[in-house]
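Listed below, chain by chain, are the residues.
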Amino acid sequence: MDRILLFNILMSLFSNIQGETSVPSSPNMKDTPFVPVIIVEGQNAALTCVVKNLGNSSVLWKKWENGKSGPKVLTANEVRVTADSRIQIFHDQGGDVWVLAIGASQPSDSGSYICEVNTTPILRTFHNLTVISVTTKLPGSFLPTEKTDEDGDISFGENTFSYKGLGSIMDHNYTDCCLIRNVSQSCLGFCTLKTILDGTTGEPNLCENDFPRIVSCMADGRDHSPCCIREGIPDLCQDLCRGEYTMVTDNVKTHFSCPAHIENTLSCIADGVEILPSEPLNLDSVALSPTSINVSWSVPFQNGDTLTEYVVNVTKLRTFDAPIIGLGYGDGGISYELPPPSVSQESKSNPVSKSNGQQKKTERAVNPEDINDSYIQAHAASRLNRQQFTNGSTSTSNLSIPLEENSEDRVEAKMMQVKLSADKTWVVLKDLQPFTMYEISVRAFNIHGRSLPSVRIRTLTLAPGVVRPPTPTDTPKLPDIKGCCEESGITTPLCVTKLCDPRMTVALEIPDLMICAVHAPVAFTCLANGRDHTSCCRERAIPSPCADLCAANFTTRLDFHYFKCLKHMPEYQSCVMEGYGVIPSSPRQVRVSNVHEDYVILHWSSPENLATSVIGYNVHYRPLSTYEADYSIFSNVHPPYILEKLYANAEYEIFVEALNEHGVSPPSQRVVFRTGSMNLVTAELEEATYSYNETACCEKAGLSSLCMPLCSYDASMSDIRVLALSCSTEFHTLLRCAAGGRDHSLCCERRGVTESCIGICSAKLPDSLLQMAENCLPFIGNIVQCFEEGTELLPGPVREFHANLITDNSIALSWESPIESNVSYYEVFYQLADPSFGKDLSTHLNSVNVTETAVELTNLTTNSTYLFSVIAVNSHGTSVPSSLIQVNISNSQFNGSRIPGVVSTPHSLVVGSHTATWVQIIWQPPLFAHPTDNITYRIHHRSVRETEYMTNDTFLTSIALEPLKPNSQYIIYITASTTKGESLPSETLVAWTDPAHSPYVEAPRIQPSSLLIEGSTMTVFCVALGDPTPTISLYINGRLIKQQKSRHLTEVVNKITRDMDIVSCLAENGYGAPMQASRRILIAHSPSLSAADVTLGAVGDIGTLECTIVAHPEPKIAFWRGGKDGGNRVPIVEGGKYVLHLEEPNPLAETKYIYTLKITNVTEEDGGDYFCQADNPFGESTKKLTLRPRLVQNESLNVSACCARENVSPTCIDACAMYLDIESVIDIPECLPDFNKLMRCAADGRDHRPCCNTKSVPRPCLDACHGFPIQFGADTCALKFTKSILNCFHENRELIPGPPINLQFKVISENEVLMTWDPPSKNPDAAILYKLFWRRSGEKRSDKIDTQNTFAHVQNLKAGITYEAVVKAVSSHGSSTLTPKVLFSTEDNTIAYASTAGGSNAGMGVGVALLVVVIISAALGALWVFRKRPFGLKPNGSIAFENPSYIRESNPDSLINGNVDGPPNGLSASVPSVSNGVSSANGTGWHTEALHTPRPETEVPPTLYEELRLGTEGVGFRRLK
């Protein structure tokens, strides 16, 4: 939790104090009176609280008791809780008033009382009671005990009187102070404690920048720290007590926790503003000589009449930035000069006072007897030696304390104090060092406490030999300009005053010039005093016509052109005064010394003329090469002058002007200088002093670069939030380097860190990082500040700890001191080794203190094992042990070699998590290790059945041991290693692995579950169980998308497409069978249409236009045609010669719709363009279809010719001559042997297998669909499926082209031939693509070219090799059979084997159909064969979960909307060869990847499309048919 803004906490603590609420029925206290009650001792006191709508809540009266645990409960409802019988509660049943009565009041009853209602949030009102004692008198001559605390500030004895109880929180109003300090109007609600407690302040977050000024006003110049200390408020939370506010930034050190101390703090402030003095005012100092400074101030504004003394703090600075105060001896003594106490109030002012711009020095003779109440107290750096001067301690007027010489390597400032009685408001500090900067402040004290320091001022003593300029003497008188004007006739008083006084010219305004324009020539002539000042005005850059005013005789009448001259009046005045000879000349010898990165010291000499009239100097400066073109000015200063707050490594220009009562001198010469470089200063400082570098420690300790931003005392909370999780495993390294081997526990306790978090301050890692984050994060700033401060105060860890010699009863140990060597002594611990130790080494410890870095321990027990460690100690605290030595005290066990100290053992081993095959072990790092140790952990483990340990090394404090055996027991222990050696073993841990369970996976969950839209995103969730953790694989349409070892898999799939239909989750863990679950999805998308571009229809026959639509959700479909002249479209409606039919999608293709338009009795008028249109909510699509009518020829003779060529028997030849006359041959069983011949003629050289497949013709019968003999079961095919096959022949007779003719080749080169052919003789217009195949003779693998032309170039051939080629024609409904193969070689140009033109026509196929039906009737006796042989068919939509390869299918070549799915014209592509029915080439589309690669011994049957495209044989071009 970040540190909450201070006032935000106040708001939350005291919210709704007056019971304001937005709910009328809730309790409220808005009618409670807040008048303070003041009574005399012995009277009865009554405090009233009004609570409306109390309901079931309770009313409690409490008294705030400062210095104790908190408010003390007095009453609860009508019950008295306190034992004080004087307390009573008065309340009428059902009423709203609750009165707390205190009988026979006493002064101790004074204080704040709280009326509280236990609602959520709690409602409170505060009531102040003051009981005035009739006998107590304030001790007017009480003086504090002359006792000083370690910080050099006065601490008071037990007899200090307190006004506790007189301060009211509700009365403290500091709005006037806030207004003076420019607090924003919206934040003035924070300028009174009453509005804060009432909750009416406004928004705290908007006032963050104003809080420093608000808090300063709240403290009201008083130092409330002593009260806060008495209340137990940690020093880190005392900023409010001192009037300071710590801005919350991204720096980790500003995030500390103080909410628990807010109420006590406010109580101290409320009391302090009543009784403590405010700070002294008007502090001033003047360097009188190289060794003395005069300091003066005014009495505090508040409680100034109660003062007992002042304390002047004098700090000699080594640099001019904020000093590091260290009370102690300076480089020499100081003395002071005081006014005698007998002088009057007027004479107690500063002996160097300022009046009318002049300084006057008053000499005084000081009698030592007059300084009874004054003394000087200096504190040595060691805080052990103190000297105090009292009455009669010296016989001279100057008191001085000889101070030890300051060491040059000390960089902190030294502060000395001068204590003065309350009637003295100035002092002269003497015996200072020449040309040295001193910072001075003053505190006021009374019997109750002290003020805050006054403003701090800095004064530089003069350089040796430099004398302070004398007090200015009388300056020359001005000429009588007014008399000149009056003598010249100017009688208007305004014009005489404004124009004729040279000191008033800078105050001229435009109305003055307008009124006195007529007198201007006379006035400016008198101002010139008979001298021409034009050259001076030109030098001061006064432009025309303004420069005319500088002439000795000005005669021009003023007009509006001279109005712009008003801004040049200061320069004009200087020139006139210079002409009078009454202002000094320019300062001389301007120079710069002591150049630092942010300040310099300026020197200059007095002007040559009128130097004694100078009262001060103006310093002008500006940076060069920046946008700051204007000069900044410091007015009325004296040399030497410190010019501060400069940019580092920057050039500046300066000049100086002298000032007297008549004006400013001409400027001095310009001086340009460059400030020092910050980097050089920092490097010099780092070289001169040792500073602990936590970042270097982390680098040596092996902290990862990712976590290095956290290894700094100035780390940001932003980095902590970002890197906390990633760096949690390296937190022990960060903690060790942050602590630096030091024990910061005392600092953390002092700063309010809770007991549960104290261990962190000594680099002890808590058992739970999560618990630490919850409990200790609020104190992160407290802890980090202790870490940083401790590196300067606490001793670091010892180094190179060794055992040098071991005897039977003694051991000699040695070590090296810490790098910074701020050690008072060392403490050596030893104890008998306890086998069970690890986390706690604090028991049974013996110790020896030594000042050297070696010790010999004697009287040890022989043959006993001891542990030894050592820490460094100084007055601020201790280090922590950096290493341990464990040895057996026996001379025989010592081999003579030094035994190094090693880190302590890892400890607190626990099992973090576990499965069947791995166990996660977590442990705590060693308690004792040097911060820079790079620790490696070695994990030793074995099963209980094994004897040898296996080891794993890691730098982290956790590890997952794998692979392990399920349901097994393992023994584990850990050691830590550094370059010094290996630690002792940790405790032993026994861990079990879980039993193994086979995987189980749920069906994938899809989001969004309602509607998946093409192009959008879907999220897939796979959830699996099993032990060990299974590996989950996500597949879409058989393609692996993601795989990970986890129980949950989530994948976001972007830009989903319509062809995604099956989503599968597969889980396997090596135990049991893998499990798969799938879900079919539908992707919503706009319709896509496909259809034949051109359809031929026989005149008088039925013309069929078929449109295939793929869409989801279901589209609306319609046919229409355009007019012959291109006019408006005409819808096609059911009826007449039009028959419309929509084929519903099957379960495996739910988004595919086939819409058919049949036109009966086709005529020439029916020809033309038709349009199929489909639309759904996601879009629409239109496809053009063209119907071309043609006359039907009598092709029965051709049918007969084909049958004759195929040697059909004479008995069956009649079927070839009769058009679709089935009955004529149905009873002729002799025709069964001719079935394959008749089917060949009926196919007519075309491949009807796609159509047969849609009609559910089984695979064994598909060969008949393209005219090839059926290998097995021809009788069954004839019996069952002949009718479906013949329907395909009939439907496609006009849609599928016949085979191309006249395939030939021409040799182009020895590597290239040109293959040509002619279009098919049957349906040539239907051919939209040709497929050319070629290969070496005798090989199985072939190459392919797809082209729309009737030629193709075959390249990359080899000379002398015989090749063979075939070609087939393709339409959108199917393809022809292959042409006869052609053998060719690049060495000749002859066709070895070629096809001939011609072939049967469609009529022949129809005639053959008659004979086929006869064969079907003759084969009825083979029905039992069909029943016994189902041909491996499966029900539609079935899924075999035991074999995930069901998704496997090849990506088919397809034609959609007339577009060729294949390479462009002339490009070759390899056709995969097939072995055992499995394609050897891998697909690349969505439908090509298998869930599991089949095992080598498993044969996968060819897919349906492979058989359709390649046939059933495994060799030759039959595979391509």
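The text that follows walks through the structure, step by step, so that each part is easy to find. (Residues numbered from 1 in each chain as written. Predicted model: local features only at pLDDT ≥ 70, side-chain atom pairs only at ≥ 80, totals over all residues. Heavy atoms only, no water.)

1. Notes on the state of the cysteines
Part 1: Under the criterion given, the structure shown has 21 disulfides.
Part 2: With a sulfur-sulfur separation of 2.0 Å, cysteine 227 is cross-linked through a disulfide to cysteine 268. Disulfide cysteine 227-cysteine 268: the torsion about the S-S bond is -75°, which places it as left-handed. Here cysteine 268 lies in helix H6 (residues 262-275) and cysteine 227 lies in helix H5 (residues 225-230), a separation of 41 residues in the sequence. Of the two residues examined, cysteine 227 and cysteine 268, each falls in the buried class.
Part 3: Residue pairing for cysteine 697: its cysteine sulfur links by disulfide to cysteine 737, the two sulfurs lying 2.1 Å apart. Across the S-S bond of cysteine 697 and cysteine 737 the torsion is about -80°, and the bridge reads as left-handed. Of the two residues, cysteine 697 is situated in helix H14 (residues 694-700) and cysteine 737 in helix H16 (residues 731-739); the sequence distance between them amounts to 40 residues. Cysteine 737 carries the same exposure label as cysteine 697, and that label is buried. (Disulfide = S-S within 2.5 Å. Helix = DSSP H or I, 4+ residues; strand = E, 2+ residues; numbered from the N terminus. Buried < 20%, exposed > 50% of the residue type's maximum accessible area, 1.4 Å probe, protein only.)

2. Notes on unusual backbone geometry
Part 1: The linkage connecting serine 544 with the following residue, proline 545, adopts the cis geometry, with an omega of 0°.
Part 2: The residue proline 545 is located in the loop between helix H11 (534-539) and helix H12 (569-580) in this model.
Part 3: Cis geometry marks the peptide bond from histidine 1112 to proline 1113, where omega comes out at 0°.
Part 4: Along the polypeptide, proline 1113 turns up in the loop between strand S64 (1103-1112) and strand S65 (1116-1122).
Part 5: The backbone of glutamate 800 sits at a positive phi, close to 50°, despite the residue not being glycine.
Part 6: Along the polypeptide, glutamate 800 turns up in strand S36 (residues 799-806).
Part 7: One non-glycine residue with positive phi stands out, namely asparagine 1302, at about 60°.
Part 8: Topologically, asparagine 1302 is positioned in strand S72 (residues 1301-1309).
Part 9: Relative accessible area serves as the criterion here: at 24%, asparagine 1302 is assigned to the partly exposed category.

On their own, these measurements won't tell you what the molecule is for.
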